[in-house]
Amino acid sequence: MIDRNSSWYRLDYIARHSTPFLITTALVIITQVPLRLPNIAPVTLGLGLIAVYYWALHQPEMLPAVAVFFVGLLQDMLAGTPIGLGAFSLLCAYGIVVSQRRFFHGKSFLVVWWGFTMTAIAVGVLRWGLVSMMEGEMVLFGPTMIEFLLTVTLYPVFGYVFVLVHRSLSREA
Amino acid sequence: MKPHRGSVLRFAAPVRNVTQRFAYLFLLFGALAIILLGRADPQIFERTRVAVTDMVTPLLDAASRPLATVSDVVNEARSLTQLRKDNAALRLENARLIQWQTAARTLISENEELRRLLSFVPDDLATSVTARVIGDSGGTFVRNILINAGRRAGVAKGQAALVSTGLVGRVQEVGERSARILLITDLNSRIPVVVESTRQRAVLAGDNSDRPRLLHLPGNVTIAKGERIVTSGHGGVFPPGLPVGIVGQPSKTGAIVQLFIQGEKVEFIRLMDFGLSGVLSDLDRRTKAGRAAGLKKPAKQ
């Protein structure tokens with residue numbers, strides 16, 4: 001029997017519960033690293049959104065709203081986008097996904113992927129609209145489109161890795 | 001999650017739900033308030049932004065190196081396939097450059113001769129800092145890059161960021177060991193330029209795409225495709241004559257400029273301090289530089 005008050009148990013508990021936050025933070029930082037691939041225009045990947053979607057859908061207790069808020073702020077600070085934009089859009093995505101969790105429960109991967117596509121469209125349009133409002137003119141929509149397509153394409157890869165991480169985290173919990 | 005603590009949790013769950021929902025709304029409105037605050041006063045979060053960026057800089061620096069190696073290898077492999085073609089092109093270019101070198105030598109000696117005649121006092125030499133690009137925003141809404149040099153290395157707001165082929169942008173924010181460069185492709189970038197051959201003035205305006213436009217051209221002026229665009233030196237941010245790009249296909253909305261460089265693609269960048277304070281830097285620096293400029297001879301223009 002595990003002693004729930006031992007310091008080892010607590011340490012383990014904290015480590016398990018902070019893993020999703022740490023992964024999301026790491027992905028937001030990695031997004032900033034320049035790729036410099038020849039013949040490819042510079043693009044952003046919404047890796048932070050992938051992580052937020054996954055954990056909001058499967059285990060929101062492990063990535064609370066406050067963690068999403070701070071991840072969003074970090075994203076804005078590193079990318080040089082208006083502060084609060086990332087926090088607001090990620091929190092919106094988080095709220096939508098958490099409220100629709102029951103629908104996705106036990107559904108196949110394709111449905112989950114479709115859900116991510118919808119979320120990514122909503123977030124992309126929201127961010128584009130907010131930035132356009134702030135700049136007082138319609139900013140180019142092309143880059144948002146490319147970011148959306150690439151992020152949706154990459155979802156299965158990261159989703160799979162998250163499943164592995166998630167399994168190893170909940171093995172004993 | 002499995003309920004660990006039985007009936008207590010069953011009671012507590014609805015209460016927790018309400019608190020969580022409240023916390024969520026609180027955070028959502030918090031984020032919105034932050035956007036509005038930042039919009040009202042862009043300086044308000046600058047210090048936090050710079051401090052956080054400084055903290056993450058070592059991580060980005062470490063992560064950017066292996067990726068740079070990967071892209072080097074890819075480039076290397078690609079260049080191997082077109083070795084013959086490149087070689088022929090380079091031979092031609094070399095022959096042309098030798099002619100230019102001769103012309104330049106003649107001009108240098110002529111220039112020195114004329115300066116001696118005029119007892120000309122040359123400008124202070126610009127100081128430069130070289131830095132590695134460690135982060136880029138990717139350009140969905142902003143075009144900027146992060147570099148791994150900051151105040152400690154002598155980087156200051158408003159300095160021009162260059163690579164050997166042309167202008168990249170200018171320093172927008174400075175931390176202790178990192179700085180953010182606003183690229184000339186960014187939506188908020190406006191640079192006074194001139195057409196090199198005709199000296200026609202214009203403003204180069206970024207729109208987040210790779211091809212910024214020329215604004216404020218008089219209606220009767222047409223600019224030929226292929227004309228070189230260089231900085232004009234107006235506004236005191238950049239010195240005159242830094243190469244920017246060439247004019248692309250003219251269209252109804254105005255001339256498009258093909259830049260000499262793509263800011264996000266470069267690995268190293270040179271920051272030049274030309275001793276120009278510009279319209280962007282802090283007030284005290286401006287007055288200091290203004291006083292210094294007043295003592296010296298006026299600018300060449």
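Residues numbered from 1 in each chain as written. Chains lettered and ligands numbered in written order. Predicted model: local features only at pLDDT ≥ 70, side-chain atom pairs only at ≥ 80, totals over all residues.

Within chain A one finds 7 helices and 0 strands. The C-alpha atoms of chain A give 17 Å as radius of gyration, which agrees with the globular expectation for 173 residues (16 Å, within 12%). If you line up chain A on its principal axes, its C-alpha atoms span 60 × 35 × 35 Å. Residue burial in chain A is summarised as follows: out of 173 residues, 42% are buried. Long-range contacts, defined here as pairs at least 24 residues apart, represent 64% of the contacts in chain A between residues at least 6 apart. (Helix = DSSP H or I, 4+ residues; strand = E, 2+ residues; numbered from the N terminus. Rg over C-alpha atoms; globule rule 2.2 N^0.38 Å. Buried ≥ 20, exposed ≤ 12 C-beta atoms within 10 Å, placed from the backbone. Contact = placed C-beta atoms within 7 Å.)

On to the overall build of chain B, then. For chain B, the count of helices and strands is 4 helices and 12 strands. Burial statistics for chain B: of 301 residues in total, 30% are counted as buried. Taking all contacts inside chain B whose residues are at least 6 apart in sequence as the whole, residues at least 24 apart take part in 58%.

Once that is clear, we can look at the packing of helix α2 (residues 47-58) of chain A against helix α7 (residues 142-170) of chain A. Residues and elements named next belong to chain A. Interaxial distance between α2 and α7 falls to 10 Å at its minimum, and their mutual angle equals 50 degrees. Classified by the angle between their axes, α2 and α7 sit oblique to one another. By crossing handedness, the relation of α2 to α7 is classed as right-handed. Along its contact with α2, which presents L47, L49, I50, Y54 and H58, the element α7 presents T151, Y155, F158, G159, F162 and H166. (Axes fitted to C-alpha atoms, helices over the stretch in contact; angles between N-to-C directions. Parallel < 35°, antiparallel > 145°, perpendicular 65-115°, else oblique. Left-handed = near helix turned anticlockwise from the far one by under 90°.)

Looking now at the nonpolar core. The biggest cluster of nonpolar side chains holds 95 residues, and the ones touching the most others in it are V52(A), Y53(A), V68(A), L91(A), I147(B), V168(B) and L204(B). Setting aside anything within four residues of it in sequence, one finds Y53(A) in contact with A93(A), V97(A), F116(A) and T119(A). (Core = buried A, V, L, I, M, F, W, Y, C linked by C-beta atoms within 7 Å.)

How big an interface is tends to be stated in terms of the accessible area lost upon association of its parts. Facing 45 residues of chain B, the contacting portion of chain A comprises 40 residues. For the side of chain B that touches chain A, the leading source of residues is helix α2 (residues 46-81) of chain B, giving 14 residues. The residue makeup of the side of chain B that touches chain A, split by class, is 22 nonpolar, 13 polar and 10 charged. (Nonpolar A, V, L, I, M, F, W, Y, C, P; charged D, E, K, R; others polar.)

All names here are of chain B. Reading across the sheet, the 6 strands line up as β8-β7-β6-β9-β10-β11 and stay open at both edges, with antiparallel pairing between neighbours. Each edge of the open sheet is held by one strand with a lone partner, namely β8 (213-215) and β11 (257-259). Strand after strand, the sheet turns through a mean of 45 degrees between neighbouring axes, direction not considered. As judged from the 3 bridges shared by strand β6 (residues 190-195) and strand β9 (residues 228-231), these two strands associate in the antiparallel manner. Looking across to β9, one finds that V193 is bridged to T231. (Pairing = 2+ DSSP bridges.)

Looking now at the pairing of β6(B). Where β6(B) meets strand β7 (residues 201-205) of chain B, 5 bridges bridge the pair, whose relative direction is antiparallel. Opposite V194(B), over in β7(B), you have R201(B) as the bridge partner.

What follows concerns the packing of helix α3 (residues 65-79) of chain A against α2(B). With their axes 9 Å apart at the nearest point, α3(A) and α2(B) run at an angle of 90 degrees to one another. The orientation of α3(A) relative to α2(B) falls into the category roughly perpendicular. Between α3(A), through L74(A), M77(A) and L78(A), and α2(B), the contact on the second element is made entirely by R49(B), V52(B), T53(B) and V56(B). Of the residues that constitute the contact of α3(A) with α2(B), the class distribution is 5 nonpolar, 1 polar and 1 charged.

Moving on, we come to the sheet that holds strand β2 (residues 144-147) of chain B. Residues and elements named next belong to chain B. With antiparallel pairing, the 6 strands of this closed barrel are ordered in space as β1-β2-β5-β4-β3-β12. The sheet shows a mean angle of 45 degrees between the axes of neighbouring strands, taken without regard to direction. Against the sheet, α2 contacts β1 (127-136), β2 and β4 (166-174), and its axis sits at roughly 80 degrees relative to β1.

Attention now moves to the confidence of the model for chain B. All names here are of chain B. Chain-level pLDDT for chain B is 81 on average; 82% of the residues reach the 70-or-more range. Highest mean pLDDT in chain B belongs to strand β5 (residues 179-183) (92); lowest belongs to helix α4 (residues 283-295) (40). Predicted confidence is poor over residues 281-301, with pLDDT under 50, and the contacts of this stretch with residues over four places away or in other chains come to 10 contacts. Both scores are available for the predicted complex, with the pTM at 0.80 and the ipTM at 0.85. (pLDDT = per-residue confidence, 0-100.)

The next subject is helix α1 (residues 7-32) of chain A. Residues spaced three or four apart along an α-helix point in a common direction, a consequence of the helix completing one turn every 3.6 residues. Across its 26 residues, α1(A) extends 37 Å between first and last C-alpha, which sits within 8% of the 38 Å expected from 1.5 Å per residue. Maximal helix bending in α1(A) amounts to about 40 degrees, located at T19(A); proline P20(A) follows within four positions. Among all positions of α1(A), only P20(A), T24(A), L27(A), V28(A), T31(A) and Q32(A) are buried. Summarising the contacts, the buried residues of α1(A) are in contact with α2 and α3 of chain A together with α2 and β1 of chain B. (Expected span 1.5 Å × (residues − 1). Bend = angle between axes of the 7 residues up to and from the residue.)

Moving on: the pairing of β2(B). All names here are of chain B. Along β2, one buried face is formed by N144 and L146 and the opposite face, lined by I145 and I147, is buried too. Relative to β2, β1 runs antiparallel, the two being bridged by 3 bridges. Paired with G135 across the two strands is L146, which belongs to β2. Where β2 lies against β5, 4 bridges are found, and the strand directions are antiparallel. When the bridges of β5 are listed, I145 appears paired with I181.

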